[in-house]
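Examining the three-dimensional arrangement
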Amino acid sequence: MQIAPPDILAARIAAVRGELSATRLDALVVTSLPNIAYLTGLFASAAALVVEPEQLALIADSRYAESLKDRANECPLIDAIELPPGSSYDQAIVDVLAPLQGARVGFEATHLTVSRHRFLTSTLGRRAWESSLVESDGVIERLRVRKDAWEIARLRDGADRLSTVAKCILPKVLAGRTEAEVAADIERQLRLEGFERPAFDTIVASGPNAALPHARAGSRRIEDGDLVVVDFGGVLDGYCTDLTRTIAVGHAEDRHRRVIEQVIEAQQAAFDAVQSGRAPESVDAGARDALARHGIGDAFTHGTGHGLGLEVHEAPRVTRARPDHAEPPLAAGMVMTLEPGAYFPGWGGVRIEDDVLVTADGAEWLTDVPRIP
Ligand code: ZN
Ligand code: ZN
């Protein structure tokens with residue numbers, strides 16, 4: 001697994017410091033694991049990080065002792081703290097924060113539970129701590145939304161490999177095989193192609209199951225004349241890619257072919273609407289309007305896409321406008337999926353999904369697989 005080099009991490013850390021000073025924070029407690037991976041290169045199932053004025057206190061337990069040492073050796077800004085046996089992450093955070101006096105310390109409101117917050121405030125209170133814990137939100141996510149050159153290279157590599165997996169697997173979506181068999185093939189092929197793991201549970205939805213956007217892969221045997229939605233993704237160097245094709249197995253009805261073509265057209269309309277500076281809603285509208293023109297707008301029951309990166313669903317959300325939430329405008333360096341679909345209960349469904357990079361003057365497809373395999 002490749003980890004971001006020290007100069008890239010240093011640039012991300014400098015950007016976070018800029019965000020902190022803009023919001024008048026002296027330090028930030030980071031408990032989101034993808035955010036910790038982004039700033040330090042440590043991919044762990046448990047960790048904590050305190051971004052302090054001078055350094056980054058990176059806390060992990062003894063399972064990660066070697067990785068911690070490597071991180072600190074590679075990146076001089078990182079101070080590695082191995083959790084002592086019998087201690088807790090929250091106690092270790094308290095120990096790092098206690099010496100900070102007169103500071104405004106942010107915490108990630110989306111990621112720190114109420115009970116953990118209560119522990120921090122009460123334990124620091126008993127130590128007569130004269131700083132304050134301040135709610136903050138999305139400080140690191142705001143930076144993650146635009147990928148740096150190193151990340152774009154990882155995502156490009158991932159999308160190439162995912163396309164190779166698709167080309168190998170899609171011809172094997174055949175009548176007589178079960179959904180689970182096809183899913184197992186896909187997950188094996190992801191490993192062989194170098195992915196660390198699937199990015200999510202592989203979807204193979206055949207016949208009537210294809211009408212369910214979030215079907216998984218079950219025991220149903222694929223039949224001649226089925227539509228089969230195959231949706232899978234892989235994680236490479238920590239970065240997620242995601243692809244869907246819909247296959248008309250054997251003797252397809254005209255209606256199958258027609259809906260597939262209409263969804264492909266909707267995806268192209270979304271792609272054509274991608275423009276730096278525009279709202280993601282306008283990309284969603286591109287796909288939605290195209291399907292509405294064909295009279296199947298109501299069959300498109302989810303958003304057009306989502307950002308890709310250290311998480312398989314991250315900003316930007318490419319959906320209809322939401323009254324409670326404003327998405328940032330599209331900007332060069334964002335990577336996202338475009339995945340319109342049309343679902344007809346009892347009959348089946350179609351979804352076509354590819355990954356794109358927002359560029360200075362439009363967008364670029366990252367995945368490259370025939371839309372009609
Ligand atoms: Zn997908
Ligand atoms: Zn997706």
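Heads up: the structure comes first, above all this text.
Thresholds, definitions, all that
Residues numbered from 1 in each chain as written. Chains lettered and ligands numbered in written order. Predicted model: local features only at pLDDT ≥ 70, side-chain atom pairs only at ≥ 80, totals over all residues. Heavy atoms only, no water. Donors = N, O, S within 2.8 Å, 3.2 Å for Na, K, Ca; no water. Tetrahedral: all angles 85-135°; square planar, octahedral: opposite > 155°, others 65-115°. Helix = DSSP H or I, 4+ residues; strand = E, 2+ residues; numbered from the N terminus. Buried < 20%, exposed > 50% of the residue type's maximum accessible area, 1.4 Å probe, protein only. 1 Å grid on protein atoms, 1.4 Å probe; cavity = no way out; pocket = protein on both sides within 12 Å on 5 of 7 lines; lining within 4 Å. Points joined across faces, edges and corners; volume = space filled by probe spheres on them. Nonpolar A, V, L, I, M, F, W, Y, C, P; charged D, E, K, R; others polar.

Quick word on the coordination of the zinc ion (ligand 2)
For the zinc ion (ligand 2), every protein donor is listed as Asp-242 (OD), His-306 (NE2), Glu-339 (OE) and Glu-353 (OE), and the spread of their distances is 2.1 to 2.2 Å. For the zinc ion (ligand 2), the 4 donor atoms in the first shell make angles of 77 to 154 degrees at the metal, so the coordination geometry reads as irregular. Read from N- to C-terminus, the donor residues coordinating the zinc ion (ligand 2) fall into the pattern D-x63-H-x32-E-x13-E. Between the zinc ion (ligand 2) and the zinc ion (ligand 1), the interatomic distance is 3.1 Å, and Asp-242 donates to each metal, bridging them. Of this pair, Asp-242 sits in strand β10 (residues 239-248) while Glu-339 sits in the loop between β13 (335-338) and β14 (341-344), and the two are 97 residues apart along the sequence. Note on accessibility: Asp-242 and Glu-339 belong to one class, buried.

Quick word on the coordination of the zinc ion (ligand 1)
Within the protein, the zinc ion (ligand 1) binds to Asp-231 (OD), Asp-231 (OD), Asp-242 (OD) and Glu-353 (OE); these donor distances fall in the range 2.0 to 2.7 Å. The site at the zinc ion (ligand 1) holds 4 donor atoms, and with the angles between them running 53 to 150 degrees, its shape is irregular. All donors of the zinc ion (ligand 1) belong to a single chain; written as a sequence motif, their spacing is D-x10-D-x110-E.

Quick word on the layout of surface pockets
Reported here for the largest pocket is a volume of approximately 620 Å³. Lining the largest pocket are 18 residues; nearest its centre among them are Gly-138, Glu-141, Arg-142, Ala-315 and His-325. For the lining of the largest pocket, the elements supplying multiple residues, two or more each, are α6 (139-144) and β12 (314-318). Classifying every residue of the lining of the largest pocket by side-chain character gives 4 nonpolar, 6 polar and 8 charged. Around the second largest pocket sit 18 residues that line it, and His-214, Asp-231, His-306, His-313 and Glu-339 are the ones nearest its centre. Grouping the constituent residues of the lining of the second largest pocket by class yields 4 nonpolar, 7 polar and 7 charged.

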